[in-house]
Amino acid sequence: MNHQGTNHYIEAAKRSAQWHSDHLKEMKKCRFDTISVHGVYSMQEALDFNQGSIIEPVYMSTSQAYRDSDEMEAALGYQIPTWCYSRIANPSMYYLEGVLALLEGYGSDVETSCIATASGMAAIQTAVDPFLLPDKENPTRPVNFVATTQLYGGTFQQFAVRKDQERHIQWRKVVHSDDINEWESLIDENTRFLYGEMPSNPGQAFFDLDQVIELAHKHGIPMIVDSTVATPALMRPIARGADIVVQSVSKTLSTSGFGIAGAVIARKNLVSKNVGPEVKADFCMYAKTLPNRDNGPNISPMNAILAVNDIRTLRMRVDMQSRTTLTVSKFLETHKHIEKVDYLGLETHPLHELAKKYLVLVDSEYDEQYGEQVNRYGHLMSFRIKGGAQATRDVFDAMQRIWRATDLGRIKSVATIPAISTHSQQGEEGRKLADIPSNLIRLCVGAEHPDDIIADLNQALEVLDGKKIPYTSPEYSAGGASSATLKR
Ligand SMILES: *Cc1c(COP(=O)(O)O)cnc(C)c1O
């Protein structure tokens, strides 16, 4: 046997790390669409390691084998790049992490890294938990965080129940997130981070992110942003100074709806007076190699590649679906049965001007169609029906092409009534805080032609003029694993 020692491997790892870093620098010079299409997967990697496969391979393997004990020792000591075991890392997972890190850092020279997770909720937990540990010197000292109340329902539950109720980590609630004084009044020396969802799902709350970032940094704490609704095609908080972005990759990023996924993207050397230098230097690498290794919330290789594949078309989809959403909003705004339409793209929306500052279609100035920066506002909107909860359910039940589902970001139009679905668990009081009345329908506009979406809404609204709701006889399918599925 020819034992060459761990050094042999460490030297080789340095050479490939250098090559990889040069390659990333080259990718960083490319435009957004090019990065979306290629990510970090190179021709060289394809030819050297993947039989020339032009599409990123799905490494359906639990673990990685090593040449000898030296390589194993270097790998498990994290001295060489290794993926080791798919609970911790996997090459397919890295293709997703690599592209998201580049896209969130796009247009800036900020260095970013990413950790992919099994869901958006796991991403939020991954992003916030390292900041919520008890004080080492004074473990009984109370801990709090300041976050907006207009949040995705799952996030509301994670904060209100899992953190606040169960762990006594106080959630200090920002009700009017566009009021910077309210944010500031809630911060004290035990505040660990500021957190906001922008635009929020479904209320499309919006705040002046630049100001809130400045406030966080003034207090030596990180700014964490859930940017799921905007996606990096419209807004890149880290490039503006935020420390961490969380994405529910399940949504607009992977529009096809094949699987659940999440991601945390962080700047290198983030701001936090409460965590050690190793956590700040590369937060995502820290999360991957330590807490997430031990807690195990990471993504499967298959779901990672499905997301990678959808991300290739992100910018063009967001552009098209945003334009359609504006058309649909304008139609609804003038309809006699509609009380109110909430869409940031409408000039009548009170937060339109603020949203305009932040939501810009990336690279529109290099798009031959536009030749200048244009605003786009995404494909999430909501509207309120005149006549209350029952009238709202009647319109909802009459939709023929728009799917009734608790989903968002799909290539197909999907609607839900948040008060009885995504936001049912937080109770009347919580819904009031999040501004979710029972006559609100959330609509996420897909890539169908706007004429057909409008036609479906139009015929559904006719139930309020006396048209009958189409009757569908229910049958139960045995297909559901834990619960029977209702066949309409
Ligand atoms: C859906 C969603 C989440 C949670 O993501 P999952 O992938 O469903 O776990 C978090 N934030 C926002 C804004 C969402 O829409």
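Residues numbered from 1 in each chain as written. Predicted model: local features only at pLDDT ≥ 70, side-chain atom pairs only at ≥ 80, totals over all residues. Heavy atoms only, no water.

Moving on to unusual backbone geometry. Working note: non-glycine residues mostly have negative phi, and peptide bonds are mostly trans. Following Met198, the chain continues into Pro199 via a peptide bond in cis, with omega recorded as -15°. With respect to the helices and strands, the residue Pro199 is situated in the loop between strand 4 (191-197) and helix 9 (209-218). For the bond running from Asn201 to Pro202, omega is 5°, close enough to zero to count as cis. Along the chain, Pro202 turns up in the loop between strand 4 and helix 9. The residue His168 is not glycine, and still its phi comes out positive at about 55°. (Helix = DSSP H or I, 4+ residues; strand = E, 2+ residues; numbered from the N terminus.)

Moving on: the domain arrangement of the chain. Segmentation of the chain into domains returns domain 1 (86-311) and domain 2 (314-486). Taking only C-alpha atoms, the centre of domain 1 and the centre of domain 2 are 26 Å apart. Listed as interface residues are 42 residues of domain 1 and, on the opposing side, 41 residues of domain 2. A combined buried area of about 3,300 Å² lies between domain 1 and domain 2, and 61% of that area is made up of carbon and sulfur atoms. Scanning the region where domain 1 abuts domain 2 turns up 2 salt bridges. Between Lys357 and Asp210 there is a salt bridge whose closest N-O contact spans 3.7 Å. Across the domain 1-domain 2 interface, the total number found is 21 residue pairs in polar contact (both at pLDDT 80 or more). Here the side of domain 1 that touches domain 2 gets 3 residues from one element, more than from any other, and that element is helix 7 (residues 153-167). (Domains from an automatic or database assignment. Contact = heavy atoms within 4.5 Å. Buried area = accessible area lost by both parts, 1.4 Å probe. Salt bridge = Lys/Arg side-chain N within 4 Å of Asp/Glu carboxyl O. Polar contact = N/O pair within 3.5 Å; in protein donor to acceptor, adjacent residues only side chain to side chain.)

Counting buried positions along strand 7 (residues 262-267) gives 6 out of 6 residues, so the element sits mostly inside the fold. A two-sided burial pattern is seen for strand 7, the buried positions comprising Gly262, Val264 and Ala266 on one face and Ala263, Ile265 and Arg267 on the other. Bridge count for strand 1 (residues 112-117) against strand 7 is 6 bridges, and the pairing is antiparallel. Residue pairing in the sheet places Thr117 in a bridge with Gly262 of strand 7. (Buried < 20%, exposed > 50% of the residue type's maximum accessible area, 1.4 Å probe, protein only. Pairing = 2+ DSSP bridges.)

Turning our attention to the sheet that holds strand 9 (residues 380-385). In space, the 5 strands of this open sheet follow the order 8-9-12-11-10, with mixed pairing throughout. Because the sheet does not close on itself, it has two edges, and the strands there are strand 8 (338-342) and strand 10 (403-404). When strand 10 meets strand 11 (residues 414-416), the two strands line up parallel, connected through 2 bridges. Residue pairing in the sheet places Arg404 in a bridge with Ala415 of strand 11.

Over its 12 residues, helix 18 (residues 450-461) extends 16 Å from the first C-alpha to the last, a length consistent with the 16 Å expected when each residue adds 1.5 Å. Inspection of helix 18 places Pro450, Ile453, Ile454, Asp456, Leu457, Gln459, Ala460 and Leu461 among the buried residues, and these make up the whole buried set. Lining the buried residues of helix 18 we find helix 14 (314-333), strand 8, strand 9, helix 16 (388-397) and strand 12 (440-444). (Expected span 1.5 Å × (residues − 1).)

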